[in-house]
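# Topology and contacts: notes
If you want the building blocks of each chain, they are given just below.
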Amino acid sequence: MAVDELQAIIQRCQILEEADFKGEDFNLFQVAGQKCLEDGYASQLLEVIQNEKNKVIIKNMGWNLISPLVRCIFMYKQEDDKREHCLKILDQLAQLCNPKELFLGLLEQIEQTSGEQVCQTIMLLLQPLQTVLLKLQNKKAYSVGLSLAMIMNQLTPLPVPYTKQQIQEDKLGLCQCCNAVVGFAKPFVNEVVKSMEKSSEYSDTELKEELVKFCMKSLKYPLLTAQLEQLEGIEEHPFRHFATEIIDILWDIRELIPLVFLHHKGKSPHWENQEFADIERKNSADSLACLSYLMFVQHFGIDCFPMVFSPSYLLQCNMTHIEVLLKRTEESMLSKGLDLFESCLLRMEDNSLLHQYLEFRDFISVPQDLVKVMTLCPIEHLRKKSLNILQLFIDKFDAEGKYTLFRCLLKTSNHAGVEGYIIKNIKDQIHLSLTKACDNIWFTGHHLISLLDLVLLLPEGAETDLLQNSDRIMASLNLLRYLVIKDCESDNQTGVWTTLAKIEQNFLKPLHVGLNMSKAHYEAEIKNKKENRRETQSPNTVCSVSVSGEKMPAMTTEMQLQVLHSALFTFDLIESVLARVEELIEVKIKAVMDEN
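Residues numbered from 1 in each chain as written. Predicted model: local features only at pLDDT ≥ 70, side-chain atom pairs only at ≥ 80, totals over all residues. Heavy atoms only, no water.

### Here's the deal with the environment of Phe443
Looking at where Phe443 falls in the secondary structure, it is placed in the loop between helix 21 (416-435) and helix 22 (445-455). A relative accessible area of 0% means that Phe443 is categorised as buried. Linking Phe443 and Gln429, residues 14 residues apart in sequence, is a C-alpha distance of 6.6 Å. Once residues lying within four places of it in the same chain are set aside, the contact partners of Phe443 are Ala399, Lys402, Tyr403, Phe406, Ile426, Gln429, Ile430, Ser433, Leu448 and Leu451. (Helix = DSSP H or I, 4+ residues; strand = E, 2+ residues; numbered from the N terminus. Buried < 20%, exposed > 50% of the residue type's maximum accessible area, 1.4 Å probe, protein only. Contact = heavy atoms within 4.5 Å.)

### Things to note about the packing of aromatic side chains
Under the definition given, this model contains 14 aromatic pairs. A centroid spacing of 6.2 Å and a plane angle of 45° characterise the contact between Phe360 and Phe363, whose relative ring orientation is tilted. We classify Phe360 as partly exposed; its relative accessible area is 38%. Aromatic side chains Tyr403 and Phe443 sit 6.0 Å apart centroid to centroid with 75° between the ring planes, which places their arrangement in the edge-to-face category. Taken together, the residues Tyr403 in helix 20 (residues 399-412) and Phe443 in the loop between helix 21 and helix 22 connect sequence positions 40 residues apart. What links up through ring pairs into an aromatic cluster is the set Phe341, Tyr357, Phe360, Phe363, Phe393 and Phe397. Seen from the ring of Tyr293, Lys336 lies directly overhead, with NZ or CZ sitting 5.5 Å from the centre. (Phe/Tyr/Trp six-rings, centres within 6.5 Å; stacked < 30°, edge-to-face > 60°. Lys NZ or Arg CZ within 6 Å of the ring centre and 35° of its normal.)

### Considering the side chain of Asp369
With respect to the secondary-structure elements, Asp369 resides in helix 18 (residues 361-376). Here the side chain of Asp369 touches Lys327 through a polar contact of 3.1 Å, side chain to side chain. Once you skip the residues sitting within four places of it in the chain, Asp369 turns out to touch Glu323, Leu326 and Lys327. (Polar contact = N/O pair within 3.5 Å; in protein donor to acceptor, adjacent residues only side chain to side chain.)

### Points about the nonpolar core
Counting residues in each nonpolar core, the largest one holds 185 residues, and the members touching the most others are Leu155, Leu294, Phe341, Leu477 and Leu511. Take this core: its biggest share by element is 13 residues, from helix 11 (residues 174-198). Those residues in contact with Leu155, other than ones at most four positions away along the chain, are Val118, Cys119, Ile122, Leu174, Cys177 and Tyr221. (Core = buried A, V, L, I, M, F, W, Y, C linked by side-chain atoms within 4.5 Å.)

Following this line, the structure appears as structure tokens:
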């Protein structure tokens, strides 16, 4: 019987001195203890452990029971007495065992767990692990850091619940576990706080550094991925609560404001391997971006924030974080980047952002990233939001800033739709310049002529793909029509009449040639398709079409004809606006000649 075997080993060890315990004794104790647990004799094992005479034996050998003990706890049902006895054994081992040995045993158990049992195992072992760490005298900070790192490494592979239903179900227990880990860290936070209260210059920074590392890891996972908006029907959002706790820890240990503003001064660990250094830098960037989102969008810890900074300075500080988030493809991170950008811009008044800010790299790269989201992101509501934010960004700049930004985006966007949108913005700025009493040099005269050189031209001359560039071409024609109508040749405020010959040479004439070529090509294609249809006597013949080397869904002849007719309609539309522009130019020139 397992209990008898255990008693025999205990009696033999009771007469030995602590120094005389051998490896064989440890093995026999572990096997007998494990057999007691597996055979259902947990209550008898608990009595052995609680016996004062066995204190030295349990101190040295008890940690060996952690692994079988955890297995048995998960094996029994919640209300089973045997499970209750096992939990009491775990509590006793935490009190009696050698802290160093038990610490390693508990960490090993956490490291070995996987899958659905990760959160359950961590939550089960947090209390005994905390008890052991509070007893440790040597390398306490290192041990706390190791524990927190091990726990976070085990949690990180788990999927973060995102929808309301997933958060409510908390299938793997991640929401509950994250908040339990914060409770586990609290006593160590209090130790740091007390030490700082005693001395204005806190000398022992090791424990503080380990807590900062834990907070940084928590910001990257799960908070960067988590949905943090307030959800209807969830009284206390677990991740919002977790975020509040992490911000509170950083505030308590006086690291919140330095991380928000002064993170560049912090010394990052030196890695011999460049790959490790890059990973460390990326992880830190992700964490700091999440911290900024929590503060400036969700307003966690905003009460602690000094309200002395200008909106433009806050935008400048956050542009690095916005860039980090906009480069991600995951919805949760992209949306955080857009929200952070929008929040910073909404604090500012229109036309208040100085053009000098565009000398900072981030102020050029972020709108370029925004354009990529607008054109490449598969999620419609994020594409629409990014377009609104681009407009918001444009509105905040002074006239020279808008001018510089327009030039940059026209050169770098490589997307006809975006270029068309920028050209429409240029038209709006010219309209303001012509109708305002004050003179705006950036959207009139020689500055505007320089900008029109980028706008009123075909990228590849007459060979330009007019269908693909139709948005840009229509916007350019509308701008030119506006300039011709609004600006008299005698005033020539915009300079358009001075550069008319160049516009005709670079834009209007190649556009005429391109339209004639494109229309002829598409009309020939339509004729060809109709003849093929008559020959096959079937309107539903299916064929495949390739665009830019990629195969498109199969199309019937009728569908192909619809596409070709749609293209012809676009060419007709461009041609009608082009004809109207040329007519207006002719009328204006004739009127001036008649006057003369």
